[in-house]
Amino acid sequence: MSILIYAEHDNHELKADTLKTVTAAQAIGGDIHLLVAGENCSTVVEQAAKVSGVSKVLVADNAAYKNQLAENVSLLVLELANDYDVIMATALTTGKNFMPRVAALLDVAQISDIIAVESADTFIRPIYAGNAIATVQSLDAKKVITVRATAFDAVATDGSAEVVNLSQATDAGTSSHVSDEFTESERPDLGAASVVISGGRGMQNGENFKLLEGIADKLGAAIGASRAAVDAGFVPNDMQVGQTGKIVAPDLYIAVGISGAIQHLAGMKDSKVIVAINKDAEAPIFQVADYGIVADLFDVLPELESKL
Amino acid sequence: MSSQPLRLVGKLQQAQLEATMKVLVPIKRVIDYNVKVRVKADNSNVDLANVKMAINPFCEIAVEEAVRLKEAGTASEVVVVSIGDKSCQEQLRTALALGADRAIQIDTDANLDSLHVAKLLHKVVEEEQPQLVILGKQSIDSDNNQTGQMLAALTGLPQGTFASKVVVDGEKVNVTREVDGGLQTLALSLPAIVTTDLRLNEPRYASLPNIMKAKRKPLDVKAATDLGVDLTPRTNLLKVTPPAERQAGIVVETVDELVEKLKNEAKVIA
Ligand SMILES: Cc1cc2nc3c(=O)[nH]c(=O)nc-3n(C[C@H](O)[C@H](O)[C@H](O)COP(=O)(O)OP(=O)(O)OC[C@H]3O[C@@H](n4cnc5c(N)ncnc54)[C@H](O)[C@@H]3O)c2cc1C
């Protein structure tokens, strides 16, 4: 069995979630290669070569892959696909974007967002916002799979893979990058943080998210939000936790002014310890919380910050 | 000085081009998002008997966006299509009530993978030749997030997934996408495929007169088996189980108690 994993990166840094996708690949078993597609991404290649369990790093360093446009990346992966039985990517926005394109070009039904590997052709994945867990067998000879990173541990980074430079530079010519508007933050990535504190509609406005910042600073936490808080414009979209936002599973998740709709729970209920701060004792968030405080968040947050 | 008439011609051509822009919106019938689904006792699947069904919320956003393009004079026609048995006509009628002009049901009661759906939609795209196809980014039942991208691959068209803003500009469409780091804007040549994210728009409610009007709008039914797509299953659903339930914990009375528990009982803070 040979497995190709698409490395998640931003041309500077290999995303830690890729280390978890490697663990998923090891559960399938086989010779594992990483593909780094980008431009001026040599630091990513260095990091990729150290990922344990990876024997080879394929590098497509070219302007055509700078922004990892789905049209171009999918053609690149298609060209490589012949040599592999399994093609995998992490279920983050880049992988979610181009992988189904690869699957369709290969005439394969993709298995999305797996949380466990039963066997080389059978996988477990959440459906219905995690309210049901499906065991799915792929009947295609080649597998195209995206992986929910929170469900797997990371491999170590003490490997030394061979680095192979590719000459591919396919530009489909139908799409181009215009601009990025990325949120700058000193805090850990939502997906990687061991503590996450999230605010919901109960925060009332964006200004009040400052009340979470002091606590996040003390705990080294990332800050997340519910859809309602993002829709209301309190905070940017990349902070949304949930079924259709980011999936997190930190050691500690603190939900503040969040009711606990199934779509929100889908993104955080695998957290180790959940704390809920909500003034409504009936809020569904308390059904999943290990520790709850029924109180006004504007009283609790300043006190919590001072006592940490 | 001479650039003035030239620009006018450009504008005119653009207006003509835009006036003929057809938008295709594939929609899916799914469980209503407020319903918490239950797994069948025999673990064969989830139980959808007597459960409230609706248009997938992301598909509803797609319909709204297409209708707004028409209201803005950018699109000339909005065609909705759904693949499923007769029951999905209910969702097609809802889409017609929201402002779509005409509907197509691709009739089948087969269990389809996203790949099959994309292949069937590919046939519809070949027939209808839309300039823009707008789909939901994922359906809230299977949570696959595949169909739009697969359709883009099969048609060879560019894609703008997870869109929070769509601006048609002559022969291009600019799509702002919700990505992990924030927002990314791409320019796609038309025809193109767009999939919607939550912030693209807030769908309207269908008014009673529009619901009545929708009953008279055209709804064509085509048999999936007539479209020449191999619908042999590519996946086998072996089992569906309920998720591990979390035990509800305790309510603490004070912040001091909370901090103490987190330190000494849960041991998640120092
Ligand atoms: C297709 C679809 C996808 C979705 N995807 C997501 C997703 O990915 N993530 C997500 O989060 N949601 C998602 N949603 C939305 C979800 O259904 C809920 O609407 C949303 O999560 C509610 O956010 P909230 O809990 O912040 O707001 P509300 O439900 O309004 O809850 C606010 C809570 O704050 C409490 N509160 C108010 N004031 C105070 C105070 N002073 N002190 C203490 N507590 C207070 C209230 O008691 C209440 O419980 C999705 C919905 C749909 C239809």
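Residues numbered from 1 in each chain as written. Chains lettered and ligands numbered in written order. Predicted model: local features only at pLDDT ≥ 70, side-chain atom pairs only at ≥ 80, totals over all residues. Heavy atoms only, no water.

- Chain A appears in an unreviewed UniProt entry as Electron transfer flavoprotein subunit alpha from Thalassotalea marina.
- Quoted verbatim from the Subunit (unreviewed entry) heading of the UniProt record, the comment on chain A is "Heterodimer of an alpha and a beta subunit."
- The UniProt entry for chain A carries the following text under Function (unreviewed entry): "The electron transfer flavoprotein serves as a specific electron acceptor for other dehydrogenases. It transfers the electrons to the main respiratory chain via ETF-ubiquinone oxidoreductase (ETF dehydrogenase)." (UniProt positions renumbered as here; feature names shortened; annotations may be inferred.)

### Focus: the sheet that holds strand S6 (residues 116-119) of chain A
Turning to step 1, where the next piece is worked out: Spatially, 4 strands are ordered S6(A)-S7(A)-S8(A)-S14(B) in an open sheet, and the strand pairing comes out antiparallel. Edge positions in the open sheet fall to S6 of chain A together with strand S14 (235-241) of chain B, since each of these has one partner strand only. Ignoring strand direction, the axes of neighbouring strands in this sheet form an average angle of 30°.
Turning to step 2, where the next piece is worked out: One ladder, built from 6 bridges, connects strand S7 (residues 122-127) of chain A with strand S8 (residues 132-138) of chain A; its direction is antiparallel. The partner of Pro126(A) across the bridge, within S8(A), is Ile133(A). (Pairing = 2+ DSSP bridges. Helix = DSSP H or I, 4+ residues; strand = E, 2+ residues; numbered from the N terminus. Axes fitted to C-alpha atoms, helices over the stretch in contact; angles between N-to-C directions.)

### Focus on the interface of chain B and chain A
Turning to step 1, where the next piece is worked out: Taken together, the 77 residues of chain B in the interface contact 80 residues of chain A.
Turning to step 2, where the next piece is worked out: Of the roughly 6,600 Å² buried at the junction of chain B and chain A (both faces included), carbon and sulfur atoms supply 55%.
Turning to step 3, where the next piece is worked out: When the area that chain B buries against chain A is broken down by residue, the three leading residues are Asp180(B), Arg234(B) and Arg246(B), summing to 12%.
Turning to step 4, where the next piece is worked out: The interface formed by chain B and chain A contains 6 salt bridges. (Contact = heavy atoms within 4.5 Å. Buried area = accessible area lost by both parts, 1.4 Å probe. Salt bridge = Lys/Arg side-chain N within 4 Å of Asp/Glu carboxyl O.)

### Remarks on the nonpolar core
It is characteristic of soluble globular proteins that their nonpolar side chains tend to be buried jointly.
Turning to step 1, where the next piece is worked out: With 48 residues, the main nonpolar core has Leu35(A), Phe98(A), Ile106(B), Leu120(B) and Leu151(B) as its most contacted residues.
Turning to step 2, where the next piece is worked out: The dominant element in this core, judged by the number of residues it contributes, is helix H4 (residues 114-128) of chain B, at 6 residues.
Turning to step 3, where the next piece is worked out: Those residues in contact with Leu120(B) that sit more than four places away from it in its chain are Ile83(B), Ile106(B), Leu112(B), Ala224(B), Leu227(B), Val229(B) and Leu231(B).
Turning to step 4, where the next piece is worked out: Core analysis: the second largest hydrophobic core is formed by 43 residues, Ile32(A), Leu34(A), Ile111(A) and Ile31(B) among them. (Core = buried A, V, L, I, M, F, W, Y, C linked by side-chain atoms within 4.5 Å. Buried < 20%, exposed > 50% of the residue type's maximum accessible area, 1.4 Å probe, protein only.)

### A look at the pattern of salt bridges
Turning to step 1, where the next piece is worked out: Evaluated as defined, the whole model comprises 26 salt bridges over all chains.
Turning to step 2, where the next piece is worked out: The shortest N-O distance in the salt bridge between Lys119(B) and Asp107(A) comes to 2.6 Å. Taken together, the residues span two chains, with Lys119(B) in helix H4 and Asp107(A) in the loop between helix H4 (93-106) and strand S5 (111-114).
Turning to step 3, where the next piece is worked out: Between Arg102(B) and Glu77(B) there is a salt bridge, with its nearest N and O atoms 2.8 Å apart. Here the residue Arg102(B) occupies a position in strand S7 (residues 102-107), and Glu77(B) occupies one in strand S6 (residues 77-84), the gap between them amounting to 25 residues.
Turning to step 4, where the next piece is worked out: Owing to a relative accessible area of 19%, Arg102(B) belongs among the buried residues under this scheme.
Turning to step 5, where the next piece is worked out: By sharing partners, the salt bridges in this structure join Asp107(A), Asp140(A), Lys119(B) and Arg234(B) into a single network.

### Concerning the environment of Arg38(B)
Residues and elements named next belong to chain B.
Turning to step 1, where the next piece is worked out: With respect to the helices and strands, Arg-38 occurs in strand S3 (residues 38-39).
Turning to step 2, where the next piece is worked out: Residues Arg-38 and Leu-48, 10 residues apart in the sequence, show an inter-C-alpha distance of 8.1 Å.
Turning to step 3, where the next piece is worked out: Once residues within four sequence positions are removed from consideration, Arg-38 is found in contact with Val-46 and Asp-47.

### Details of the site of the ligand
All names here are of chain A.
Turning to step 1, where the next piece is worked out: Not every one of the 30 residues close to the ligand is listed here, only the nearest: Arg-201, Ser-226, Gln-240, Ser-259 and Asn-278.
Turning to step 2, where the next piece is worked out: A distance of 2.9 Å is found between a nitrogen atom of the ligand and a backbone nitrogen or oxygen belonging to Leu-297.
Turning to step 3, where the next piece is worked out: Taken by itself the ligand offers 990 Å² of open surface, and the protein chains cover 86% of this.
Turning to step 4, where the next piece is worked out: Of the residues that constitute the shell around the ligand, the class distribution is 12 nonpolar, 13 polar and 5 charged. (Near = heavy atom within 4 Å. Polar contact = N/O pair within 3.5 Å; in protein donor to acceptor, adjacent residues only side chain to side chain. Areas by Shrake-Rupley, 256 points an atom, 1.4 Å probe, with all protein chains shown as cover. Nonpolar A, V, L, I, M, F, W, Y, C, P; charged D, E, K, R; others polar.)

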